[in-house]
Structures are given as C-alpha cells and as structure tokens.
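Geometric and topological summary
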Amino acid sequence: MRAFRERVLALVARIPEGRVMTYGQLATLAGGPGNARQVGFILNGLAQTDLPWQRVINAQGRISTYGVGFGELQRGLLEREGVHFDDAGRVDLARVQWWPEEDGAGQQGHLGL
C-alpha cells in the first residue's frame, strides 16, 4: 500500500499545469488498476500541500470534491490554469488529459513499473 501511495503522489507531482489526470488513470499507472477510490483517499487532505491535487478529476471529466468541500476551490484553480469547463461542468478529456509519456519520460521506465 505504501509503494502504491508513493507512486500515485509521484505521478500527481508531474501533472503539468493546465492538464488533468483521472483517478482511475492514476490507479492504473501506479500499478493498482481498479483502485480509483483508493487514489481519492490518498489525495484527500492534499489541499494544504504543494502537490497539484486539483489536476485530478473523475473519468467523466468532472470534479468530485464538491462533497468534501473543495469543489469550488478545485474548479477555480483549474480555471486559473486554463482548464475550461462546459455548461455541464465537464472538461474535454480528449484535449486536456495528460499521459506521462507525453513529456518524454516513458511511464514504465520513469516509475519503475
């Protein structure tokens, strides 16, 4: 569990400004496919850290943190980074979803997976 947590946090730290990843995507890339909810638990409480927690959204392109009181904060942070939401509160994942291999560091080599 500790190694999974560390891999999740390492990935979150790499998400570029103006881009997002999904909880499920993080879980899969960190070696725990199907553990999107666990990723959410890991990210809970990161609002007071330097990690870009706001760049993680759900697979529908929506913010999931409204229920824990951080939805408006998360949306505001993402909008300041240039992430646009449609009238339904969704982002265009095809446009803004980030994959680690896009930055030139292959996901398996960089993460040691």
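Report follows, based on the coordinates. (Residues numbered from 1 in each chain as written. Predicted model: local features only at pLDDT ≥ 70, side-chain atom pairs only at ≥ 80, totals over all residues. Heavy atoms only, no water.)

1. Comments concerning the side chain of Glu 81
Keep this limit in mind: For helices the rule is a DSSP run of H or I covering at least 4 residues; for strands it is a run of E covering at least 2, with both sets numbered from the N terminus onward. Relative accessibility under 20% of the residue-type maximum defines a buried residue, over 50% an exposed one, and the middle range a partly exposed one, all with a 1.4 Å probe and only protein chains included. Throughout this description, a polar contact denotes any pair of N or O atoms lying within 3.5 Å of each other; where both atoms belong to protein, one of them has to be capable of donating a hydrogen while the other can accept it, and for residues adjacent in sequence the pair is counted only when both atoms sit in side chains. The contact definition used throughout considers only heavy atoms, calling two residues in contact when any of these lie within 4.5 Å.
As for its placement among the helices and strands, Glu 81 is situated in the loop between helix 4 (71-80) and helix 5 (93-96). Since its relative accessible area comes to 15%, Glu 81 is described here as buried. Among the polar contacts listed, one links the side chain of Glu 81 to the side chain of Arg 55, at a separation of 2.9 Å. Contact partners of Glu 81, with chain neighbours within four places excluded, come to Glu 17, Gly 18, Gln 54 and Arg 55.

2. Some words on helix 3 (residues 36-43)
For the record, the criterion: An arc is given here, and it is the one of the directions from the helix axis to the C-beta atoms.
Along helix 3, the positions that sit buried rather than exposed are Val 39, Ile 42 and Leu 43. Down the axis of helix 3, the sector holding all buried residues measures 90 degrees, keeping them to one side. Facing away from the buried side of helix 3 by over 90 degrees, the exposed positions are Arg 37 and Phe 41. For helix 3, the secondary structure elements touched by its buried residues are helix 1 (2-14), helix 2 (23-29) and strand 2 (56-57). At the exit of helix 3 stands Gly 45, carrying a positive phi of roughly 95 degrees.

3. Some words on the side chain of Asn 58
Relative to the assigned elements, Asn 58 resides in the loop between strand 2 and helix 4. Overall, the relative accessible area of 13% leaves Asn 58 in the buried class. A polar contact is formed between the side chain of Asn 58 and the backbone nitrogen of Gln 60, at a distance of 2.9 Å. Excluding residues within four positions of it along the chain, Asn 58 makes contact with Thr 22, Tyr 23, Ile 63, Ser 64 and Leu 93.

4. Some remarks on the nonpolar core
Nonpolar side chains in soluble globular proteins tend to end up buried together. Basically, it comes down to this: Throughout, nonpolar core names a set of buried Ala, Val, Leu, Ile, Met, Phe, Trp, Tyr and Cys residues whose side chains join them through atoms within 4.5 Å.
If you look at the biggest cluster of nonpolar residues, it comprises 19 residues, and the most contacted ones within it are Phe 4, Val 8, Leu 26, Val 39, Leu 43 and Val 56. Within the residue set of this core, elements represented by two or more residues are helix 1, helix 2 and helix 3. It is helix 1 that provides the largest number of residues to this core, a total of five residues. Those residues within four positions of Leu 26 in sequence are excluded, and the remaining contacts are Val 8, Leu 11, Val 12, Met 21, Val 39, Leu 43 and Val 56.

Any functional reading would require information that these geometric values do not contain.
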